[in-house]
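Listed below, chain by chain, are the residues.
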Amino acid sequence: MSKYRSIIVIALAAACALSVGCGKKESTTTGTSTTETGKKFVIGMSQCNLGEPWRVQMNADVKAAAAAHPNLEVLYKDAQNKTPVQQAQVKEFVEQGVNLIIISPKEALPLTKPVAEAMAANIPVIVLDRKVEGDKYTSFIGADNVKIGKEAGKFMVKLLGGKGSIVELKGLMTSTPGQERHNGFMEGIKGSQIKIIFDADCHWLEPDAQREMNSALSRFPQIDAVYGHNDPSAHGAYLATKQEGKGREKQIKFIGIDSLPNEGVRYVKEGILTATFQYPTGGKEAIDTALKILNGETVEKNIVLGTKVFTKENVDKGGAPL
Amino acid sequence: MSEKPVERTDNLKRGLAALGNLRGIIALVAVIILGALFSPKNVATGWPIFLTAQTQKDILFEYAEYGILATGMTLVILAGGIDLSVGSVLGFAATLFSLLVIGFGWPPFVAVVVTVLAGAVVGMINGALISRFKMQPFVVTLATMVAARGAAKWISGGIKVAPGGQSWYHVQTGTPPFFSWLTTGVGGTGIQPITLIFIVNILLFILVVRYTKFGRHLYAIGGNEEAARLSGIRVAWDKIGAYMLCGGMAALAGISNCARLEIGDPEAGGTYELDAIAAVVIGGTSLNGGRGGMFFTLIGVLIIGYINKILSINNVEEAQRLLVKGAIIILAVLIQQRKRE
């Protein structure tokens, strides 16, 4: 009995979710007249998880870009950070017969086969942010963390006039973005007299960064700047410094990466961070590329996104491309 | 005359029990000495940084949230239960509180009351399902853990609640003064209100557990629920009470988290329940219930806080950190275990 009940509950929940989704879609499509001629296209988008704000932003960017094209309908799926779920989602899209799949994979290897199968079924696939193995995909769109780290390093050198003591609050160092943002940064500060006097793995988490910064502050009377592998880390370091109550947050410069509108960019606007470097989501570029593919144009196999820096001077103008 | 030997063994037992209490303190002192020995020194004065008042305050401040969670968790564990939902309730409360203050512009005091009540309601649901419907605490709180996380994401729309996050938010720039107040030292002591909440709360509940009827009931229920029932204790009400307090305290920890990060993060508190349980167990409270106490938990929180501080202040690599942490937890529990023999 309880088994049936749970099935009914799940079915009801699913029905609710679907009806909400449909309701929203209808209200947007009826509002805009179909100015663009041509067929209607359905795009399936599988996001590896919506727990990270950056990925929420990616979906928002896709949604905003797709809203400009009334002939596009995008179906969103959230794999909740589970690879098997994402594998199933790709297959579901294939069975559903969507016109194109956008996937931001959780892991490369296990998703290579489902993506290749979709390609074999004549459904083009755009891979976003993280790669899949081999070449059985239509287009890969991603940013270059090494370049972003390097730009941050070069910026730091300029900011401190070539020498100083800094704290590096790293992202999860067993992940590629963490390693690349570190390696790029080291490349950027090479040849200068900037010393990393304290570093710690903060797992991308703000509370961890806050704790590590406390330790750094109690150990070193002189800290010139903090390099956070993401904006929450840099922000956490700022808060730790402010909460220390010695006013050192006015001397120390904080730099972060990601530039989400509601995080890094806002912190720069409020004068908390000196700079944040954008790690673009590629959401808009994915829709642009999808349209080209659907209209029969050829697209580049690998599209590397550029980065932007946001500082107090340019933040109101939307940052400066690097 | 024949009573004397009995009395002696009683005294002996009592003495051993006191020693058992001391063991936790000895372990804590050992950790502090370790910290002092390995601490980097201040360049100017040569004094170990670990022993500065600032570092001590940092530790209490950083572990206040865990401490508040562990306080509630102790009540539940003493009564033979477990609450896996506290981490998610923390996240839910952080989101709700920030939404009320930043989003709707409520006065902070009202928001605190509403948020703590919301946490207590989650606890009440846990307690009611467990005691009335005889469901396993592990299963029930696992379910509320998932659901509370869902609720946090739902009310926030999946994004962190910060000033200017949505165009309709009441606060568009800056940080609500109440957040800053909670994290700024009061009266020149440099001790933050969040730290005070943790300390006052746990001291209060040390007394509650030791000297009130409710506290004694928790031990009785955890020791033998059936016997407690037969002796006239209204087991269900006491259990619901323990879970409600646990939920309310998780909400309090959520408010602290929100103020400390100046953001309501719906993902906040992930796996915190494990840290809270670890603190309780390292302190020496039995996971089987009925044995232990709130003072032990205070020791447990401090041991974890000190160990983490030592590793962090010495800039120990991540891999070694995890290894050392695991080893020390086992060591601490071993020390605790021996007193039971």
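Residues numbered from 1 in each chain as written. Chains lettered and ligands numbered in written order. Predicted model: local features only at pLDDT ≥ 70, side-chain atom pairs only at ≥ 80, totals over all residues. Heavy atoms only, no water.

A. Structural view of the overall build of chain B. Scanning chain B from terminus to terminus reveals 14 helices and zero strands. Its C-alpha atoms give chain B a radius of gyration of 21 Å, within 12% of the compact-globule value 20 Å for 341 residues. Oriented by its inertia axes, the alpha-carbon framework of chain B measures out at about 80 × 60 × 40 Å. Burial analysis of chain B (341 residues in total) assigns 50% to the buried set. Taking the intrachain contacts of chain B between residues at least 6 apart in sequence as the baseline, contacts between residues at least 24 apart amount to 73%. For chain B, the exposed surface amounts to about 15400 Å²; the carbon and sulfur share of it is 70%. (Helix = DSSP H or I, 4+ residues; strand = E, 2+ residues; numbered from the N terminus. Rg over C-alpha atoms; globule rule 2.2 N^0.38 Å. Buried < 20%, exposed > 50% of the residue type's maximum accessible area, 1.4 Å probe, protein only. Contact = heavy atoms within 4.5 Å. Areas by Shrake-Rupley, 256 points an atom, 1.4 Å probe, with all protein chains shown as cover.)

B. Geometry of the interface of chain A and chain B. The partner chain B presents 34 residues to the 29 residues of chain A that form the contact. Each partner contributes to the roughly 2600 Å² buried at the junction of chain A and chain B, and carbon and sulfur atoms together form 42% of this total. When the buried area of chain A at its contact with chain B is split by residue, Arg211(A), Arg219(A) and Gln243(A) rank highest and sum to 24% of it. Linking chain A with chain B are three salt bridges. (Buried area = accessible area lost by both parts, 1.4 Å probe. Salt bridge = Lys/Arg side-chain N within 4 Å of Asp/Glu carboxyl O.)

C. Seen up close, the nonpolar core. Ranked by internal contacts, the top residues of the largest apolar core, which has 80 residues, are Leu69(B), Leu75(B), Phe97(B) and Ile303(B). For Ile303(B), the contacting residues outside a window of four places in its chain are Gly24(B), Ala27(B), Leu28(B), Val31(B) and Ile282(B). Val62(A), Ile255(A), Ile257(A) and Val309(A) belong to the second-largest nonpolar core, a separate cluster that totals 41 residues. (Core = buried A, V, L, I, M, F, W, Y, C linked by side-chain atoms within 4.5 Å.)

D. Seen up close, the side chain of Asn262(A). Relative to the helices and strands, Asn262(A) resides in the loop between strand S9 (253–258) and helix H9 (264–269). Note on Asn262(A): relative accessible area 18%, which makes it buried. Once residues within four sequence positions are removed from consideration, Asn262(A) is found in contact with Lys160(B), Ala162(B), Pro163(B), Gly164(B) and Gly165(B).

E. Expanded view of the domain arrangement of chain A. Residue and element names in this part refer to chain A. Partitioning chain A into domains gives domain 1 (37–137) and domain 2 (145–279 + 313–321). With centres defined by C-alpha atoms, the gap from domain 1 to domain 2 works out at 32 Å. Domain 1 puts four residues into the contact, and the matching count from domain 2 is four residues. Contact between domain 1 and domain 2 buries roughly 420 Å² in total, counting both sides, with carbon and sulfur atoms accounting for 63%. By the criterion of area lost to domain 2, the three top residues of domain 1 are Pro53, Trp54 and Gln57, representing 85% of everything that side buries. Counting every contact that joins domain 1 to domain 2 gives zero salt bridges. At the boundary of domain 1 and domain 2, one finds two residue pairs in polar contact (both at pLDDT 80 or more). (Domains from an automatic or database assignment. Polar contact = N/O pair within 3.5 Å; in protein donor to acceptor, adjacent residues only side chain to side chain.)

F. Fine view of the pairing of strand S10 (residues 275–278) of chain A. All names here are of chain A. Burial along S10 is two-sided: Ala275 and Phe277 and Thr276 and Gln278, pointing in opposite directions, are all buried. Alignment of S9 against S10, held across four bridges, turns out to be parallel. Each residue of the ladder has a partner; that of Ile257, found in S10, is Phe277. Summarising the sheet, S10 and strand S12 (residues 308–311) pair through three bridges and their orientation is antiparallel. Following the sheet pairing, Ala275 is matched in S12 by Thr311. (Pairing = 2+ DSSP bridges.)

G. Here's a closer look at the confidence of the model for chain A. Residue and element names in this part refer to chain A. Within chain A, residue pLDDT values average 88, and 88% of them lie at 70 or more. Across chain A, strand S8 (residues 225–228) holds the top mean pLDDT of 98, while helix H1 (residues 2–31) sits lowest at 44. Counted against residues more than four places away or in other chains, residues 12–36, with its pLDDT under 50, gives eight contacts. (pLDDT = per-residue confidence, 0-100.)

H. Up close: the packing of aromatic side chains. All told, the structure shown has 13 aromatic pairs over all chains when counted by the stated rule. Measuring from ring centre to ring centre gives 6.0 Å for Phe178(B) and Trp181(B), while their planes differ by 20°; the resulting arrangement is stacked. Of this pair, Phe178(B) and Trp181(B) both sit in helix H7 (residues 177–182), three residues apart, roughly one helical turn. Judged by its relative accessible area of 47%, Trp181(B) falls in the partly exposed class. Linked through ring pairs, Phe97(B), Phe178(B), Phe179(B) and Trp181(B) together constitute an aromatic cluster. The ring of Phe93(A) has Lys77(A) lying over it, and the distance from NZ or CZ to the ring centre is 4.8 Å. (Phe/Tyr/Trp six-rings, centres within 6.5 Å; stacked < 30°, edge-to-face > 60°. Lys NZ or Arg CZ within 6 Å of the ring centre and 35° of its normal.)

I. Structural view of the side chain of Ser286(B). As for its position among the elements, Ser286(B) is in the loop between helix H12 (272–283) and helix H13 (294–313). Overall, the relative accessible area of 5% leaves Ser286(B) in the buried class.

J. Layout of unusual backbone geometry. Despite not being glycine, Asp129(A) shows a phi value in the positive range, around 70°. By relative accessible area, which is 13% here, Asp129(A) ends up buried. The backbone of Asn315(B) shows a phi angle near 60°, a positive value even though the residue is not glycine. Relative to the helices and strands, Asn315(B) resides in the loop between H13 and helix H14 (318–338). Asn315(B) sits in the partly exposed class, given a relative accessible area of 22%.

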